[in-house]
Amino acid sequence: MKYIAQPQISEEEISLVSSTIRNGQFVEGKNARALEKEFAEFVGAKHAICAVNGTAALHLAMEAVNISPGAEIITPAFTFIASANSIAFVGGIPIFTEINPETYTIDAESIKNQITPQTKAILPVHIFGLPCDMKSINDLAEDNDLVVIEDACQAHGARIDGQHVGTFGEIGCFSFYATKNMISGEGGMIVTDNDDLAERMISLKNHGRGPSGGYEHHRIGYNMRLPDPLAAIGLIQLRKLPPMLEKRKRNAEEIRRTLSNFNHIEIQKIPKGYTHSHYVCAPVVDADKFSVDNVIQQLKNRNIASRRIYALGCHKQPTYLQGLKEWRWSQFVKYPDYSKVSLPNTERISENHFEIPIHPGVTPSEIELIQNALEEIFG
Ligand SMILES: Cc1ncc(COP(=O)(O)O)c(C=O)c1O
């Protein structure tokens, strides 16, 4: 339990990677196509498109929907920096928005208050694996003619009333980074039902090539392809995803059950009909009663890994406070003064959460150890 995350790799992944390499299959090919087909079926999307990582998936999505320089995209600050950066890559302006204090996901009312004539898109993030309120978000998008790109990088297996996240907006983006619910080491996937967007993203990630490939190029593109040995890992992981999710659920539910006995500690609220994919379990302490640093240290003293995963909201990151000075788009785009952005819910939750290991490698007896530790600390 020294680790917050631990890849669950068996002989099956090793065997397919070995044969892939033995066959000289290094660039995106057969395994990637199989992974795309099975991933599309898993989430219920028409198209699934591999990418080299989740950040590239988000970047391609922003390119595909034609975010023009200076366009505003509303997104939470309580997320991994890649969500915001994908907006900045294409000259868009991240407009950091408040989260709901109970679910930690983007707050629809706050989005509404930040829509301006410059707003082009909403980038909700299914943080920790809990779906955002996609109904309210899609209603706002429809009323204001906005595009919705879902950052589902943490949310393989998360659903609302049975519908998988990533399929509510125009585009959904997933990461297969080594800590995720399913991994390929580095890797990502984009899903969409829109044929035109799919065609653009397939081309954009492959040097602007058309369907026949070769050396004819139709648009400025990138190389964001997923190497086939990594796609091999992803393919096996996807097939193992349901039992891995079951273990995460079992672990998370046990921890949540214990935590619900304590005062002065909050757990992420799961709305009715929502399936949490339990990527991260991170309760929040009442800062008047507990020091989160002390809690993390006490867990570490018992050999239980813990940390504040996003101690700084994106609006507090040096990237957005100072780093924009040297960013190329700053010559053309007027960014807000992010030091003036105040997001009290985001700040409180960033400062006071602590992560507990719930990955599928954590055994029931280790969960019991964590439960005992939590009893000792909070009981
Ligand atoms: C919310 C979120 N967005 C984007 C990413 C970026 O994915 P990747 O690390 O695969 O580039 C991650 C994962 O690390 C993430 O958690």
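Please read these numbers as outputs of a predicted model, since none were measured by experiment. (Residues numbered from 1 in each chain as written. Predicted model: local features only at pLDDT ≥ 70, side-chain atom pairs only at ≥ 80, totals over all residues.)

### A closer look at the sheet that holds strand E3 (residues 93-97)
Working step 1: Across the sheet, which stays open at both edges, the seven strands sit in the order E1-E9-E8-E5-E4-E2-E3 with mixed pairing between neighbours. Lying at the two open borders of the sheet, with one neighbouring strand each, are strand E1 (47-51) and E3. When strand polarity is set aside, the average angle formed by the axes of neighbouring strands in this sheet is 25°.
Working step 2: Of the strand pairs in this sheet, strand E2 (residues 72-76) and E3 are connected by five bridges, and their pairing is parallel. Each residue of the ladder has a partner; that of Glu 72, found in E3, is Ile 93.
Working step 3: The sheet strands contacting helix H4 (residues 81-89) are E2, E3 and strand E5 (147-151), and the helix crosses E2 at an angle near 175°.
Working step 4: In the packing of helix H7 (residues 195-204) onto the sheet, contacts are made with E1, strand E8 (171-175) and strand E9 (188-192), and the angle to E1 comes to roughly 15°. (Pairing = 2+ DSSP bridges. Helix = DSSP H or I, 4+ residues; strand = E, 2+ residues; numbered from the N terminus. Axes fitted to C-alpha atoms, helices over the stretch in contact; angles between N-to-C directions. Contact = placed C-beta atoms within 7 Å.)

### Considerations on the site of the ligand
Working step 1: Surrounding the ligand, one finds 14 residues, the nearest of these being Asn 53, Gly 54, Thr 55, Cys 153 and Ser 175.
Working step 2: Elements supplying a minimum of two residues to the shell around the ligand: helix H3 (54-64) and H4.
Working step 3: Classifying every residue of the shell around the ligand by side-chain character gives five nonpolar, eight polar and one charged. (Near = placed C-beta within 6 Å. Nonpolar A, V, L, I, M, F, W, Y, C, P; charged D, E, K, R; others polar.)

### Comments concerning the environment of Arg 257
Working step 1: Relative to the helices and strands, Arg 257 resides in helix H8 (residues 228-259).
Working step 2: A C-alpha to C-alpha distance of 9.3 Å links Arg 257 and Gln 371, two positions 114 residues apart in sequence.

### Things to note about the pairing of E2
Working step 1: Of all five residues in E2, five are buried, a share of seventy percent or more.
Working step 2: Neither face of E2 is exposed, since Glu 72, Ile 74 and Pro 76 on one face and Ile 73 and Thr 75 on the opposite face are all buried.
Working step 3: Taken together, E2, H4 and E3 constitute a β-α-β crossover, and its handedness is right-handed.
Working step 4: Pairing of E2 with strand E4 (residues 119-122) involves three bridges; the strand directions are parallel. Residue pairing in the sheet places Ile 74 in a bridge with Ile 122 of E4. (Buried ≥ 20, exposed ≤ 12 C-beta atoms within 10 Å, placed from the backbone. Right-handed = clockwise from strand over helix to strand, strands pointing away.)

### Topic: the packing of helix H2 (residues 30-43) against H8
Working step 1: Where H2 meets H8, the closest approach of the two axes is 8 Å, and the angle between their N-to-C directions is 30°. Between H2 and H8, the interaxial angle falls into the category roughly parallel. Judged by the twist between their axes, the crossing of H2 over H8 is left-handed. Each of Lys 30, Asn 31, Ala 32, Ala 34, Leu 35, Glu 38, Phe 39 and Phe 42 in H2 lies in contact with H8, whose residues at this interface are Asp 228, Ala 231, Ala 232, Gly 234, Leu 235 and Leu 238.
Working step 2: Split into classes, the residues belonging to the contact of H2 with H8 amount to nine nonpolar, two polar and three charged. (Parallel < 35°, antiparallel > 145°, perpendicular 65-115°, else oblique. Left-handed = near helix turned anticlockwise from the far one by under 90°.)

### Some remarks on helix H11 (residues 344-352)
Working step 1: Along H11, the positions that sit buried rather than exposed are Thr 346, Ile 349, Ser 350 and Asn 352.
Working step 2: For H11, the elements touching its buried residues are strand E12 (284-285) and helix H9 (292-301).

### Notes on the domain arrangement of the protein chain
Accessible area lost when the parts come together is the quantity often used to give the size of an interface.
Working step 1: Here the domain parsing of the protein chain yields domain 1 (11-239) and domain 2 (242-309 + 347-378).
Working step 2: The interface is formed by 19 residues belonging to domain 1 together with 18 residues belonging to domain 2. (Domains from an automatic or database assignment.)

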